[in-house]
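Residue-level structure breakdown
Residue-level listing of the chains:
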Amino acid sequence: MKNRASRLVSLSGIAAAALLGCGPTIGLAQQQPAPPKPADIQQHKTTPGGQYQPSLDVLGGKPVEQPGTKPGDPQLTKAEFDKANRIYFERCAGCHGVLRKGATGKALTPDLTKKLGFDYLRDFITYGSPGGMPNWGTSGEFQQADIELMARYLLNEPAQPPEFGMKEMKETWKVLIPVAQRPTRKMNKLDIDNLFAVTLRDSGEIALIDGTSKKIELILKTGYAVHISRVSASGRYLYTVGRDSKLNLVDLWMDPPQSVAELKVGTEARSVETSKFKGFEDKYAIVGAYWPPQFVLMDGATLEPLKVVSTRGMTYDTQEYHPEPRVAAIVASHHNPEFVVNVKETGQILLVNYRDLNNLKVTSIGAERFLHDGGFDRSGRYFFVAANARHKIAIVDTKEDKLVRVVESGGQTPHPGRGANFVHPKYGPVWATSHLGDETISFIGSDPEKNKQNAWKVVQKVNGQGGGSLFIKTHPKSENLYVDTPLNTDAEISSSVAVFKIKDLAKEKPEYKVLPIGQWSGISEGARRVVQGEFNKDGNEVWFSVWNNKAQESAIVVVDDKTLQLKAVIKDKRLVTPTGKFNVFNTRNDVY
Ligand code: DHE
């Protein structure tokens, strides 16, 4: 047992495009501070939270028209513009916005950048800032010539990437197997409820792995840098979204399962969900896009796009127009025919009622800016979502369609995944989150009926191994709470997980056991980042990905939840960069 202090370190290597970006505050527009001096750099900490920003590399790969220059603007050749534009979308747009009007980072429009001037911009990009801007130059990420190119690019008008409306969507829509030609009952011998859909991030594929035999049943092609999968209420359909906004619909009843429809809903997307309210099971699906800023409702069985809704609009607090609010997590309500759509930059949580798509009712809840990921409490009524750059958790009552409360998460940059629900020995039912920015693990009371005094409060904070955590997990049948730390760059911490005994949480300083998952995988090369625990259907095994880069070996390690011993290692050269794992039963029933 050990209990270590947080270690925050800079990231490099694996999936750099996804993990590198600009920090949440650059402070350019408002204060115009003097550029940091080299001596200050030693104190400049670039945190995992600051670096875990979207890389819009799909957008960066698209040709964009070069805006005209104004008198006095630095001239860029077409080749220089294309290069700078690609770098901007891959490394900067995640924070500063596609249109450079600001997102988690400040705006970088020419009216602001021209006041700062070329030298200032060059130095800021080179050295970064303690406010969170990475030191692109001194870290060696950018060469001097690229830094100067970016400073000139920022003095020019921003590029305007194309919209993606119904017409463009329809052009990408393919029903590969019409509904009438699909089976009317399950045709294969798979134990569908215990299948795991595993994201193979960098090969643009998913693996379907049998939960009992651990055999890879199938590998299916999906969108680029595939991100997450969700399962329809009946368990028949699997929806997988790539970062390029491509959605694949997989029919798990077929022998073998296969993609039966596909659709692209934009250029960049991260979230997908399917309708779960009684009477609407499997009827609709929804994808939330980063660019263009919109969500799309579609037919659940064919993916025919039915309704496109823009998220452009006002921030919840200052009521200012935001031109590109991205769609983050989406969950399906169990209490109303609604999707809960979290709009990142405006801080609005939209309850989108799909009972009548033409007369669409949307309840807009002002919550907190920079909403990212979250999940339900164990009753399935209350939804908890992290406003990560604000270090807060917003809680919504999906039965009454109301904001319950916004609470400080108790640490820096909460990142729960869907969070973890369990009955705390002292405080009753709680929902838990870990943090990217520090070692804090927070428990928030989630039972307003029998434990009213603890509801909607951080009732306890415990320390895990360190910062850089992304996902926390338990299961109704488990007595353990697992916390990963894949973005901590202490190799020992990022390649292991901390496990707390839930019954020990009543102690003042609960200790945890460290499971050396990376070592158990038998892989000796690479960073072996251990990411996202996911339980099997019975809740007696938990699966972790050992995530190396594309050229290296990766694996899935299965742990026996009772004994905390190694149960199996799944290795196969087809398991390229496995990350998220979605057990069909747990995903469709929101068990976490
Ligand atoms: Fe994710 C969920 C966005 C990088 C693995 N990720 C989510 C959700 C969002 C999001 C909005 C919630 C979806 C929902 O519930 O509907 N992720 C982003 C980003 O913007 C970010 C930071 C950068 C990017 O450019 O995409 C990003 N995500 C990553 C990764 O690098 C991870 C670790 C590996 C990978 O495969 O890409 C990763 N994200 C995941 C996983 C989930 C997820 C496994 C679902 C967790 C769950 O238990 O439901």
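Residues numbered from 1 in each chain as written. Predicted model: local features only at pLDDT ≥ 70, side-chain atom pairs only at ≥ 80, totals over all residues. Heavy atoms only, no water.

Examining the overall build of the chain
Stated precisely, the cut-off is as follows: Per the convention used, a helix needs a DSSP run of H or I reaching at least four residues, while a strand needs a run of E reaching at least two, with both numbered from the N terminus. We compute the radius of gyration over the C-alpha atoms and compare it with the globule rule, which gives 2.2 Å times the number of residues raised to the power 0.38. Buried means the residue's accessible area, taken with a 1.4 Å probe over protein chains only, is under 20% of the maximum for its type, while exposed means over 50%, and partly exposed covers the values in between. We call two residues contacting when some pair of their heavy atoms lies within 4.5 Å. The method behind every accessible area is Shrake-Rupley, applied with a 1.4 Å probe, and residues are considered shielded solely by the protein chains displayed. Only four residue types enter the tally: Lys and Arg on the positive side, Asp and Glu on the negative side; His and the chain ends are excluded. Charge positions are represented by NZ for Lys, CZ for Arg, CG for Asp and CD for Glu.
Counting secondary structure elements, the chain contains 12 helices and 35 strands. Against the compact-globule benchmark of 25 Å for 592 residues, the chain has a radius of gyration of 23 Å, which places it among compact chains. In terms of overall dimensions, the chain has C-alpha extents of about 65 × 60 × 50 Å along its principal axes. Evaluated residue by residue, the chain yields a buried proportion of 64% over its 592 residues. Within the chain, contacts between residues at least 6 apart in sequence are counted, and of these 58% link residues at least 24 apart. Counting every atom, the chain has about 21800 Å² of accessible surface; 49% of that belongs to carbon and sulfur. Counting 76 positive and 66 negative side-chain charges, the chain places the centres of these two groups 2 Å from one another.

Side note on the environment of Trp253
Among the structural elements, Trp253 can be located in the loop between β7 (246-251) and β8 (258-264). Contact partners of Trp253, with chain neighbours within four places excluded, come to Pro183, Thr184, Arg185, Lys186, Met187, Asn188, Ile192 and Arg236.

A look at helix α7 (residues 110-127)
Residue pairs three or four apart in sequence face the same way in an α-helix, which turns once every 3.6 residues. Here is the rule: By this rule, a helix spans an expected 1.5 Å times one less than how many residues it contains. Two axes enter the definition of the bend at a residue: one is fitted to the seven residues ending there, the other to the seven starting there, and the bend is the angle between them.
Between its first and last C-alpha, α7 extends only 21 Å over 18 residues, short of the 26 Å set by a 1.5 Å rise per residue. At Gly117, α7 shows its maximal kink, close to 95°. All of the buried residues along α7 are Pro110, Leu112, Thr113, Leu116, Gly117, Tyr120, Leu121, Phe124, Ile125, Thr126 and Tyr127.

Some thoughts on the coordination of the iron atom of the ligand
As a reminder of what qualifies: Here a donor is an N, O or S atom found within 2.8 Å of the metal, or within 3.2 Å if the metal is Na, K or Ca; sites may look incomplete because water is not among the atoms.
Only one protein atom coordinates the iron atom of the ligand: His227 (NE2), located 2.2 Å from the metal. Considering the arrangement of structural elements, one finds His227 in the loop between β4 (216-221) and β5 (228-231).

Focus on the pairing of strand β24 (residues 428-433)
The condition is simple: Any two strands between which DSSP finds at least two bridges are classified as paired.
Burial within β24 is extensive, with 5 of its 6 residues counted as buried. The pairing of strand β23 (residues 420-424) with β24 spans 5 bridges and is classified as antiparallel. Paired with Ala420 across the two strands is Ala432, which belongs to β24. Connecting β23 to the next strand, β24, in antiparallel fashion are 3 residues. Bridge count between β24 and strand β25 (residues 440-445): 4 bridges; the pairing is antiparallel. Counted as the bridge partner of Ala432 is Phe443 from β25. Where β24 folds back onto β25 in an antiparallel hairpin, the turn is made up of 6 residues.

Focus: the sheet that holds strand β26 (residues 458-463)
Our working rule: Orientation is described by lines fitted to C-alpha atoms, with helices fitted over the stretch in contact, and by angles between N-to-C directions that extend from 0 to 180 degrees.
Taking strand neighbours across the sheet as the criterion, the 4 strands line up as β23-β24-β25-β26 in an open arrangement whose pairing is antiparallel. Strand pairing shows two members of the sheet lacking a second neighbour, β23 and β26, which therefore form its edges. Between one strand and the next, the sheet's axes are offset by a mean angle of 30°, whatever the strand orientation. Judged from the 5 bridges that link them, β25 and β26 form a sheet pairing that is antiparallel. Paired with Phe443 across the two strands is Gln460, which belongs to β26.

Details of the sheet that holds strand β17 (residues 348-353)
What the 4 strands build is an open sheet, ordered β15-β16-β17-β18; its pairing is antiparallel. On the outer flanks of this sheet lie β15 (327-332) and β18 (361-366), each paired with one strand and no other. Taken pair by pair, the neighbouring strands of this sheet meet at an average axis angle of 20°, ignoring direction.

Some details on the packing of helix α6 (residues 78-96) against helix α8 (residues 144-155)
For clarity, the cut-off: Working rule for angles: under 35 degrees goes down as roughly parallel, over 145 as roughly antiparallel, 65 to 115 as roughly perpendicular, anything else as oblique. Classification used: nonpolar for Ala, Val, Leu, Ile, Met, Phe, Trp, Tyr, Cys and Pro, charged for Asp, Glu, Lys and Arg, polar for all others including Gly.
The geometry of α6 relative to α8 is characterised by a closest axis approach of 10 Å and an angle of 90° between their N-to-C directions. One finds that α6 runs roughly perpendicular with respect to α8. Contacts between α6 and α8 pair Glu80, Phe81, Lys83, Ala84, Asn85, Ile87, Tyr88 and Cys92 from the former with Asp146, Leu149, Met150, Arg152, Tyr153 and Leu154 from the latter. Along the lines of polarity and charge, the residues of the contact of α6 with α8 split into 9 nonpolar, 1 polar and 4 charged.

Describing the site of the ligand
To keep things clear, this is the line we draw: For this description, a residue counts as near a given molecule or strand if any of its non-hydrogen atoms is within 4 Å of it. Pairing of N or O atoms within 3.5 Å defines a polar contact, subject to two protein rules: one partner must be a possible hydrogen donor and the other a possible acceptor, and residues neighboring in sequence count only if both atoms are side-chain atoms.
His227, Arg270, Tyr290, Arg418 and Thr579 are the nearest of the 26 residues found near the ligand. Between the ligand and the protein, one listed contact pairs an oxygen atom with a side-chain N or O atom of Arg243 at 2.7 Å. Within the side chain of Thr579, one N or O atom sits 2.6 Å away from an oxygen atom of the ligand. Of all the elements in the fold, those that place two or more residues in the shell around the ligand are β5, β9 (268-274), β15 and β35 (578-583).

A word on α6
When the terminal C-alpha atoms of α6 are compared, their 23 Å separation across 19 residues is substantially less than the 27 Å that a helix rising 1.5 Å per residue should span. The largest bend in α6 is about 50°, located at Phe89. Taken as a whole, α6 has its buried residues at Phe81, Ala84, Asn85, Ile87, Tyr88, Phe89, Arg91, Cys92, Ala93, Gly94, Cys95 and His96. Elements in contact with the buried residues of α6: α5 (57-60) and α8.

Focus on the environment of Tyr427
Note on placement: Tyr427 falls in the loop between β23 and β24. As a C-alpha pair, Tyr427 and Lys450 span 23 residues in sequence and 10 Å in three-dimensional space. Discounting residues that sit within four places of it in the chain, Tyr427 has contacts with Asn451, Asn454, Val459 and Gln460.

A word on the nonpolar core
Counted only if it meets this: In plain words, nonpolar cores are sets of buried Ala, Val, Leu, Ile, Met, Phe, Trp, Tyr and Cys residues tied together by side-chain atoms within 4.5 Å.
Of all hydrophobic cores here, the largest spans 32 residues; its most connected members are Tyr88, Ile125, Met150 and Tyr153. Among the elements of the structure, α6, α7, α8 and β10 (284-291) are those that each provide at least two residues to this core. Those residues within four positions of Ile125 in sequence are excluded, and the remaining contacts are Met133, Pro134, Asn135, Trp136, Gly137, Phe142, Ile147, Met150, Ala151 and Leu154. Phe164, Val272, Ala301 and Phe582 belong to the second-largest nonpolar core, a separate cluster that totals 24 residues.

Some words on the pattern of salt bridges
Selection criterion: Whenever Lys or Arg places a side-chain nitrogen within 4 Å of a carboxyl oxygen from Asp or Glu, that contact is recorded as a salt bridge.
Evaluation of the coordinates by the stated rule reveals 34 salt bridges. Residues Arg91 and Glu141 are paired through a salt bridge, measuring 3.2 Å at the closest nitrogen-oxygen approach. Taken together, the positions of Arg91 in helix α6 and Glu141 in the loop between α7 and α8 put the pair 50 residues apart, joining distant regions of the chain. We classify Arg91 as buried; its relative accessible area is 15%. Of the charged contacts in the structure, one is a salt bridge between Lys507 and Asp504, with a shortest N-O distance of 3.7 Å. Judged by its relative accessible area of 48%, Lys507 falls in the partly exposed class.

Re the packing of α7 against α8
Where α7 contacts α8, the axes come no closer than 8 Å and their chain directions differ by 170°. Classified by the angle their axes make, α7 and α8 are roughly antiparallel. Packed against α7, whose contacting residues are Pro110, Thr113, Lys114, Phe118, Leu121, Arg122, Ile125 and Thr126, the element α8 presents Gln144, Ile147, Glu148, Met150, Ala151, Arg152, Leu154 and Leu155 at the interface. Split into classes, the residues belonging to the contact of α7 with α8 amount to 9 nonpolar, 3 polar and 4 charged.

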